[in-house]
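Inside the fold
Chain by chain, the residues run as shown.
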Amino acid sequence: MNSSKSPVLAGNGIFSNTTCRTEKKISVFFSVIFMTVGILSNTLAIAILMKAYQRFRQKSKASFLLFASGLVITDLLGHLITGTIAVFVYISDKDWIRFNQSNVLCSIFGICMVFFGLCPLFLGSVMAVERCIGVTKPIFHSTKMTSKHVKMMLTIVCLFAIFIALLPIFRLKAYQIQASRTWCFYKTEHVEDWEDRFYLLLFSCLGLLALGISFLCNAVTGITLLRVKFKSQHRQGRSHHFEMIIQLLAIMCVSCICWSPFLVTMASIGINENHSGESCETILFALRMATWNQILDPWVYILLRKAVLKKLFKIARRCCGVHLINFHMWELSSIKNSLRIAAISDSPVTSKQMNQQPLSSTGQ
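Residues numbered from 1 in each chain as written. Predicted model: local features only at pLDDT ≥ 70, side-chain atom pairs only at ≥ 80, totals over all residues. Heavy atoms only, no water.

Focus: the packing of helix α6 (residues 147–170) against helix α7 (residues 194–231)
Rules: For helices, the axis comes from a line fit to the C-alpha atoms of the stretch in contact; other axes are also lines fit to C-alpha atoms, and the angle between any two N-to-C directions lies between 0 and 180 degrees. Secondary structure elements follow DSSP: runs of H or I no shorter than four residues count as helices, runs of E no shorter than two count as strands, and numbering proceeds from the N terminus. Convention used here: angles under 35 degrees read as roughly parallel, angles over 145 as roughly antiparallel, angles from 65 to 115 as roughly perpendicular, and any remaining angle as oblique. Two helices crossing with the near one rotated counterclockwise from the far one by less than a right angle form a left-handed crossing, whereas a clockwise rotation gives a right-handed crossing. Working rule for contacts: check all heavy atoms of both residues, and any pair within 4.5 Å makes them a contact. Any residue outside Ala, Val, Leu, Ile, Met, Phe, Trp, Tyr, Cys, Pro, Asp, Glu, Lys and Arg is labelled polar, Gly included; the first ten of those are nonpolar and the last four are charged.
Following both chains from N to C, one finds α6 and α7 inclined at 165°, their axes separated by 10 Å at the closest point. One element, α6, and the other, α7, form an angle in the roughly antiparallel class. The chirality of how α6 crosses α7 is left-handed. From α6, Phe160, Ile164, Leu167 and Pro168 reach across to α7, where they touch Phe198, Tyr199, Leu202 and Leu206. Across the contact of α6 with α7, the residue classes tally to eight nonpolar, no polar and no charged.

So this is what it looks like as structure tokens:
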């Protein structure tokens, strides 16, 4: 269809007169590249996490690995499903009248956009809470955070995200084709109905709440690890603290930078009456930023490992010229050693073996 035509489909959403002009070849190219890179990176991250889970099955490690695997698998499915639909829409020249007469495809697209948008944010906040409990309350974590509980929490998070995504369908509110005619979501143009505004605000508030919980829990975890590090200068495993802090900062920064523009934009549209004031280009830019989160998430687990970090610190040490980095203090380890802190606290015998003379001297 030509972009000059702007028909209205009953129940299928509205093709606005102010549609975005997107170059078909460029858009298809970027969609395919995004989907391919996302699938490959998430697949690699899943392989790394599964290998680590098979090697280290202790309680304190299994919970983190299960949550991380759930997050990466969700990102992978998001790329596969939403990416495939987006490429199909571009290839079909965005002719929604031809392939979406009953609004089935648009509904599926909208449900997937909401689910695969909220679910990773929820999982990220749950992981932050789990890590915070593991560091601040290791005994409680070792006794209560079993693999069964972790799987139950993963199921609850997914079911809640599915419920939010299906809420408009339950209320007989169809997902709308957006102005660019390349994706479906809640109504974002001329939002006057309170229910349309409610869905936008609900999505934004839940997403921002998840980011806020992640930020708060990661801050508490980081401060706790730093305090432990400075209070126990002679303990082994100081590099574990630094590795954990690096992982927490990376995950938190990626989520906040990528998701904040889209969540704030949707909240702005939901708050403003009559007209959102947000251009189609602004919404598309925010959407593409959010898409990058699913691409960068797995690289946190791929890059922040022993072998890679050692090479990075060696390169940094060479570039600096001066011995600003004491490499022996940064004997960075993999996920196994990151979670070793909680395991030490769980086992008194292991704690004695790891701390030996410093603990005995303080005890006297």
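Observations regarding the confidence of the model for the chain
Convention followed: Per residue, pLDDT captures the predictor's confidence, and it can take any value from 0 to 100.
When pLDDT is averaged along the chain, the result is 77; 72% of the residues meet or exceed 70. The element-level mean pLDDT for the chain is lowest in strand β1 (residues 8–9), coming to 42, with strand β4 (residues 184–185) highest at 94. For residues 322–339, every residue scores under 50 in pLDDT, and the model assigns this stretch 45 contacts once sequence neighbours within four places are set aside.

Details of unusual backbone geometry
Its identity as a non-glycine residue notwithstanding, Lys94 has a phi of 55°, on the positive side. Summarising the element assignment, Lys94 is placed in the loop between α2 (59–91) and α3 (96–99). Within the chain, Asn103 stands out as a residue other than glycine whose phi angle is a positive 65°. Note that Asn103 resides in the loop between α3 and α4 (104–136).

Quick notes on the state of the cysteines
Here a disulfide denotes one covalent bond, and it connects the sulfur atoms of two cysteines. The condition is simple: Throughout, disulfides are identified as pairs of cysteine sulfur atoms within 2.5 Å of each other. Residue burial is assigned from relative accessible area. The probe radius is 1.4 Å, only protein chains are included, and a residue is buried under 20% of its type maximum, exposed over 50%, and partly exposed in between.
Following the criterion strictly, the structure yields one disulfide and no others. Note on cysteine connectivity: Cys106 is disulfide-linked to Cys184, with sulfurs 2.3 Å apart. Handedness here is read from the sign of the S-S torsion; for Cys106 and Cys184, about -125°, the answer is left-handed. Pair noted here: Cys106 is in helix α4 and Cys184 is in strand β4, with a separation of 78 residues, a long-range link. Taking relative accessible area as the criterion, Cys106 reaches 0% and is therefore assigned buried. Cysteine Cys258 shares no disulfide, and the gap to the nearest cysteine sulfur, in Cys256, comes to 9.6 Å. The exposure class assigned to Cys258 is buried, which follows from its relative accessible area of 5%.

Considering the nonpolar core
What counts is decided by this rule: Residues belong to a common nonpolar core when they are buried Ala, Val, Leu, Ile, Met, Phe, Trp, Tyr or Cys residues joined through side-chain atoms within 4.5 Å.
Core analysis: the largest hydrophobic core is formed by 78 residues, its most contacted members being Trp96, Val114, Trp183, Phe185, Tyr186, Phe203 and Phe262. Looking at this core element by element, the count peaks at 15 residues for α4.

What to know about the environment of Asp193
Relative to the elements of secondary structure, Asp193 occurs in the loop between β4 and α7. The sequence separation of Asp193 and Gly270 amounts to 77 residues, and the corresponding C-alpha distance is 10.0 Å.

Things to note about a nonpolar patch on the surface
The cut-off we apply is this: The residues that make up patches have over 30% relative accessible area and no salt bridge, and they are joined within 9 Å when like-charged or within 5 Å when they are Val, Leu, Ile, Met, Phe, Trp or Tyr. Using the Shrake-Rupley algorithm and a 1.4 Å probe, accessible areas are obtained, with residue cover drawn only from the displayed protein chains. One speaks of a salt bridge when a side-chain nitrogen belonging to Lys or Arg is within 4 Å of a carboxyl oxygen belonging to Asp or Glu.
A grouping of Leu44, Trp292, Leu296, Trp299 and Leu303 is seen on the molecular surface, where their side chains present a nonpolar patch of about 420 Å² in accessible area. For the nonpolar patch, the element with the most residues is helix α9 (residues 280–303), which contributes four residues. The residue Trp292 is located in helix α9 in this model. Owing to a relative accessible area of 36%, Trp292 belongs among the partly exposed residues under this scheme.

Observations concerning the packing of α4 against α6
Running from amino to carboxyl end, α4 crosses α6 at an angle of 145°, the nearest separation of the two axes being 8 Å. Of the two possible hands of crossing, α4 and α6 adopt the one that is right-handed. Taken together, the residues of α6 that come into contact with α4 (itself represented by Ser107, Ile111, Val114, Phe115, Leu118, Cys119, Phe122, Leu123 and Val126) are Met153, Leu154, Val157, Cys158, Phe160, Ala161, Ile162, Ile164, Ala165, Leu166 and Ile169. Considered class by class, the residues forming the contact of α4 with α6 number 19 nonpolar, one polar and no charged.

Focus: α6
Quick reminder of the rule: One less than the number of residues in a helix, times 1.5 Å, gives the span that helix is expected to have. Here the bend at a residue means the angle between the axes of two seven-residue stretches, the one that ends at it and the one that starts at it.
Across its 24 residues, α6 extends 33 Å between first and last C-alpha, which sits within 8% of the 34 Å expected from 1.5 Å per residue. The largest bend in α6 amounts to roughly 30° and is located at Ile164, with the proline Pro168 lying one to four residues further along. Burial in α6 covers these residues: Val150, Leu154, Val157, Ala161, Ile164, Ala165, Leu167 and Pro168. Downstream of α6 by a residue or two, Leu172 has a phi angle that is positive, lying close to 60°.

Concerning the environment of Val89
Locating Val89 in the fold gives a position in helix α2. Taking relative accessible area as the criterion, Val89 reaches 0% and is therefore assigned buried. Between the C-alpha atoms of Val89 and Trp183, which are 94 residues apart in sequence, the distance is 8.1 Å. Leaving out residues up to four positions away in the same chain, Val89 has contacts with Lys94, Trp96, Phe99, Arg181 and Thr182.

Some details on the packing of aromatic side chains
Filter applied, for reference: Here the aromatic set is Phe, Tyr and Trp, taking the six-membered ring for Trp, and pairing holds for ring centres within 6.5 Å; pairs whose planes are under 30 degrees apart are stacked, those over 60 apart are edge-to-face, and all others are tilted.
All chains considered together, the criterion is met by 17 aromatic pairs. Their ring planes at 20° and their centres at 5.6 Å tell us that Tyr186 and Tyr199 sit as a pair that is stacked. You can see Tyr186 sitting in the loop between β4 and α7 and its partner Tyr199 sitting in helix α7, a full 13 residues away along the chain. In terms of burial, Tyr186 and Tyr199 fall into one category: buried. A centroid spacing of 6.0 Å and a plane angle of 85° characterise the contact between Phe203 and Phe262, whose relative ring orientation is edge-to-face. Taken as a pair, Phe203 in helix α7 and Phe262 in helix α8 (residues 238–271) lie far apart in primary sequence, 59 residues in all.

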